[in-house]
Amino acid sequence: MATEGDLEPGPATSDRFGSSIGGRVHRFVNEHTLAFMLGPALVVITAIFIYPVLFLFYQSLILTVPGLPAQFAGLDNYVTMLRSDQFWTFFEQTLIYSTGSLVITVVSGLTIALGINQVSRKWLRNTYSTLLMLAWAIPIAVVALIWRQILLGTEFGALNMLLMNVGLISSPIAFLANPDLALIIVLLVDAWARMPFAMVVFLAGLQSIPQHLYDAAYVDGATTLQTFRAVTLPRLRPYFAIVGLITWMFAFRAFAIIFPMTNGGPGSRTTVLSIHIYRKGMVNLNFGYAAAVAVFLVVVTVVVATAYVTQIIGSIDQ
Amino acid sequence: MSLKENNERISYETRQRVWDVIEGPMIVHLVLGLSVFIVISPLLWELLTSFKTNEAVYNLNFIPADPTLSSYYDVLIARGYWKAMLNSIIISSTTTVIVILLSVPAGYAFSRFRFPFDNLIFIGVLFSRLFPPIGLIVPYYQIMTSLGLLNTLPGVIVAQVYLWLPLMVYIMRNFFISIPQELDESARVDGCTRLQAFKHVVLPLAKPGIAACAILTFLYSWREFLFSLIVTRNLDAQPISVAVYRFVGDVSVSWASLAAACVLALIPTAIVVFTFQRYIVSGLTAGALKQ
């Protein structure tokens, strides 16, 4: 944060703007620099964030069964939610989805970052990272739809076509209609699109490690594995924390991969909480219940984020 | 003693020889090449499919037998997706302009000024960035309905500003913190006002950061799906990132046309990535790291 404790206008403001209207406006702006710089952003954030959030919390207390008049219901929506087996199944699927995506994102992102860090030619490094970054940059629904087409359960789905051409299978596999495979497949696609972010952050981390530490480890006769454990990993710790937090948090709330790919199916095997909220709120129009699930999602996110952020700050202080 | 030392030396060299191979160019390029293949091959396959006709998709070949642009004609003209492309361009560029105009001064204020509750307000901004947007779809849908902004471009733009403004305030603050404060101070000693110091001294130095924020905002709002889906109903306001999903509702999906729509949606992002890779990397790291 800034250290300067200064709210007063800059030096010699008194007469430099003259007394014309323009000069007066100019002086007014100059005397309220902070308000003019920060005010608009805060007003906008309050209007388009704080208000909807308050609305959300309020709505979670309202009983909104379509066809009946809405009425205040206290914590009824929360009680219904916590007693619903379906809700806990969806929560479990959300945890599998987000944790699975996190593990694969971190492992693949770190492996690729370590690889790119070994490439000495600059143009080659840039080519690799630019091409890999495409997975992150293209529209999320497009990612989902491309993979949906590739994994199509008929002989003209690209993967089935490939496997049949090679002769590994004789009849097409219905990847996304398979209740045991679907959740794993959508989380793999989620990780596919998240990997480049992890790669970029880990690469920044690797490049922040001073070369002399590696030289010293080399002189001491450490093997690559020992160097990795003694130098690289400890230095990357804050980066692990940040990649882990961001990846998990965003996978926990993810919607745009599953919705176009499986719409929560087969059955409800890939229904995560975000899909549940969408269906309850936007399809069944049960706004109150959807708001209660949303509040639950927010609370979990906030708890995890707070725990993690304190952890990170602790590890940086060391 | 000397025997043990000798043993360790041998095992060290053997172990290190294994690692030299793993670290060596062969394995490294193999791993990276495989990763590039996993990322690029789905996109190439989609590109190839988009040059087929909708019937030719069922011919079971990867390379189109007679390449044609008919799917692009079908998508852009017959189905009117040129409107979705135009909507995307309008939404993304307007969002970028609004977010930059608001976040650059706000980020500067957070990096330089001390004021009552400054840390608390900053944590509030951070919180609004970490808050799961999925929680706000129903409130947004209802607020947009009551304001008459449902299925309009301003409705989508408002939602995009909500999604990306807090993040960009945070990133801009980090960029400004990396510019030494002594520069503004010496400018003010020379007689500049705060605003002049900002405009003439700090802003020129912050140009790469502002560029990174602008590119990220553009990319993020081009990619966004959820809120654009909630707030829009048809091609009057739908951006291409949502319009691609409209195919899924069809009785029989026209796969080649869908492929063409996907290619149209991803080409601008590919161009941005190839042109501004360095800025994107600096923006992403500034958004993830630094306190």
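Residues numbered from 1 in each chain as written. Chains lettered and ligands numbered in written order. Predicted model: local features only at pLDDT ≥ 70, side-chain atom pairs only at ≥ 80, totals over all residues.

1. Comments concerning the overall build of chain B
- Looking only at helices and strands, chain B features 12 helices and zero strands.
- Reading the secondary structure of chain B in the N-to-C direction produces α-α-α-α-α-α-α-α-α-α-α-α.
- Here chain B holds 291 residues, and 45% of them are scored as buried.
- Taking all contacts inside chain B whose residues are at least 6 apart in sequence as the whole, residues at least 24 apart take part in 76%. (Helix = DSSP H or I, 4+ residues; strand = E, 2+ residues; numbered from the N terminus. Buried ≥ 20, exposed ≤ 12 C-beta atoms within 10 Å, placed from the backbone. Contact = placed C-beta atoms within 7 Å.)

2. So, the overall build of chain A
- When you go through chain A residue by residue, the secondary structure sums to 13 helices and two strands.
- The C-alpha atoms of chain A give a radius of gyration of 26 Å, which is well past the 20 Å a tight globule of 318 residues would have.
- Oriented by its inertia axes, the alpha-carbon framework of chain A measures out at about 85 × 75 × 40 Å.
- Considering only contacts within chain A whose residues lie at least 6 apart along the sequence, 67% involve residues at least 24 apart. (Rg over C-alpha atoms; globule rule 2.2 N^0.38 Å.)

3. Some words on the interface of chain A and chain B
- Counting residues at the interface gives 83 residues for chain A and 84 residues for chain B.
- The element best represented in the side of chain A that touches chain B is helix α2 (residues 33-59) of chain A, accounting for 14 residues.

4. Focus on helix α2 (residues 25-50) of chain B
- Compared with an ideal rise of 1.5 Å per residue, which puts 26 residues at 38 Å, α2(B) spans 36 Å between its outermost C-alpha atoms and is within 8% of the ideal.
- Within the span of α2(B), buried status applies to B:L32, B:S35, B:V39, B:P42, B:L43, B:E46, B:T49 and B:S50. (Expected span 1.5 Å × (residues − 1).)

5. Description of the domain arrangement of chain B
- Segmentation of chain B into domains returns domain 1 (2-41) and domain 2 (80-288).
- Computed from C-alpha coordinates alone, the two centres of domain 1 of chain B and domain 2 of chain B are separated by 42 Å. (Domains from an automatic or database assignment.)

6. With respect to the nonpolar core
- Among the nonpolar cores identified, the biggest contains 168 residues, and A:I257, B:L165, B:V244 and B:C262 are the most heavily contacted of them.
- If we ignore the near neighbours within four places in the chain, the residues touching B:C262 are A:V142, A:L145, A:I146, B:E46 and B:V244. (Core = buried A, V, L, I, M, F, W, Y, C linked by C-beta atoms within 7 Å.)

7. Examining unusual backbone geometry
- With phi around 55°, A:L285 is a residue other than glycine that occupies positive phi space.
- With respect to the secondary-structure elements, A:L285 resides in the loop between α12 (273-283) and α13 (287-317).
- Phi at B:N151 takes a positive value of approximately 60°, unusual for a residue other than glycine.
- Mapped onto the elements, B:N151 comes out in the loop between α6 (137-147) and α7 (153-177).

8. Section: the packing of α7(B) against helix α9 (residues 194-223) of chain B
Residues and elements named next belong to chain B.
- Look at α7 against α9: their axes get within 10 Å of each other, and the N-to-C directions meet at 150°. Here α7 lies roughly antiparallel to α9, going by the angle between them. Crossing geometry of α7 relative to α9 is assigned as right-handed. Here Q160, W164, M168, I171, M172, F175 and F176 of α7 lie close against α9, whose contacting residues are V202, A206, G209, C213, T217, Y220 and S221.
- Partitioning the contact of α7 with α9 into residue classes produces 10 nonpolar, four polar and no charged. (Axes fitted to C-alpha atoms, helices over the stretch in contact; angles between N-to-C directions. Parallel < 35°, antiparallel > 145°, perpendicular 65-115°, else oblique. Left-handed = near helix turned anticlockwise from the far one by under 90°. Nonpolar A, V, L, I, M, F, W, Y, C, P; charged D, E, K, R; others polar.)

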